[in-house]
Amino acid sequence: MGRKLTLPPGIKETDFADLAKKEPHPRTRIRLLGMAHIRDGKGLEETAQILKVHWKSVQNWVNRFKHEGVEGLQEK
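Everything quoted here is computed from the prediction, not taken from an experiment. The numbering scheme is per chain: residues are counted from 1 as the chain's sequence reads. Residues qualify for local features only when their pLDDT is at least 70, as the model is predicted, and side-chain atom pairs are given and counted only at 80 or more; totals for whole chains, interfaces and linings, by contrast, use all residues. Working from all heavy atoms in the structure, the side-chain values ignore hydrogens and water.

(A) Spatial organisation of the environment of Leu5. Strands here are runs of E lasting at least two residues and helices are runs of H or I lasting at least four, both read from the DSSP assignment and numbered beginning at the N terminus. By the secondary structure assignment, Leu5 is in the segment before helix H1 (16–22). The classification of residues rests on relative accessible area computed with a 1.4 Å probe and restricted to protein chains. Under 20% of the type maximum is buried, over 50% is exposed, and intermediate values are partly exposed. Under the relative-accessibility criterion, Leu5 is labelled partly exposed at 26%. Distance in space between the C-alpha atoms of Leu5 and Pro26 is 26 Å, their sequence separation being 21 residues. Any two residues whose heavy atoms approach within 4.5 Å at even a single point are treated as in contact. Leave out the neighbours within four places in its chain, and Leu5 touches Ile38 and Leu44.

Structure follows, in structure tokens:
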């Protein structure tokens, strides 16, 4: 079992699932769904398995959200 994931501020107030439903870009939608799973208490590896991505990708999304907010999850 890995280290406990520290959730960034603002994660509980953001409805990632609702944002994902409205998001037209598929990669951004996957990131938002991943953040919804993290918000619901799933770990990095469990979220990565659900979305079929590497756990480091999920960790990067969490860090981007921490530093840039929802805008950090958008496709660049």
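Structure shown, so let's carry the discussion forward.
(B) View of the packing of helix H3 (residues 44–51) against helix H4 (residues 55–68). The interhelical angle for the contact between H3 and H4, taken along N-to-C directions, is 110 degrees, at an axis separation of 8 Å. Considered as vectors, H3 and H4 are oriented roughly perpendicular to each other. Seen from above, H3 lies across H4 with right-handed handedness. The segment H3 lies against H4, with Leu44, Glu45, Thr47, Ala48 and Leu51 engaging Trp55, Val58, Gln59, Trp61 and Val62. Helix axes use the C-alpha atoms of the stretch in contact, all axes being lines fitted to C-alpha atoms, and the angles between their N-to-C directions lie in the range 0 to 180 degrees. Here roughly perpendicular refers to angles of 65 to 115 degrees, roughly parallel to angles under 35, roughly antiparallel to angles over 145, and oblique to all remaining angles. By convention, the crossing between two helices is left-handed when the near helix turns anticlockwise from the far helix through less than a right angle, and right-handed when the turn is clockwise.

(C) Representation of the environment of Lys12. Take Lys12: it is sitting in the segment before H1. The partly exposed category is assigned to Lys12, whose relative accessible area is 47%. Setting aside anything within four residues of it in sequence, one finds Lys12 in contact with Leu7 and Arg39.

So yeah, pure geometry; function would need other evidence.
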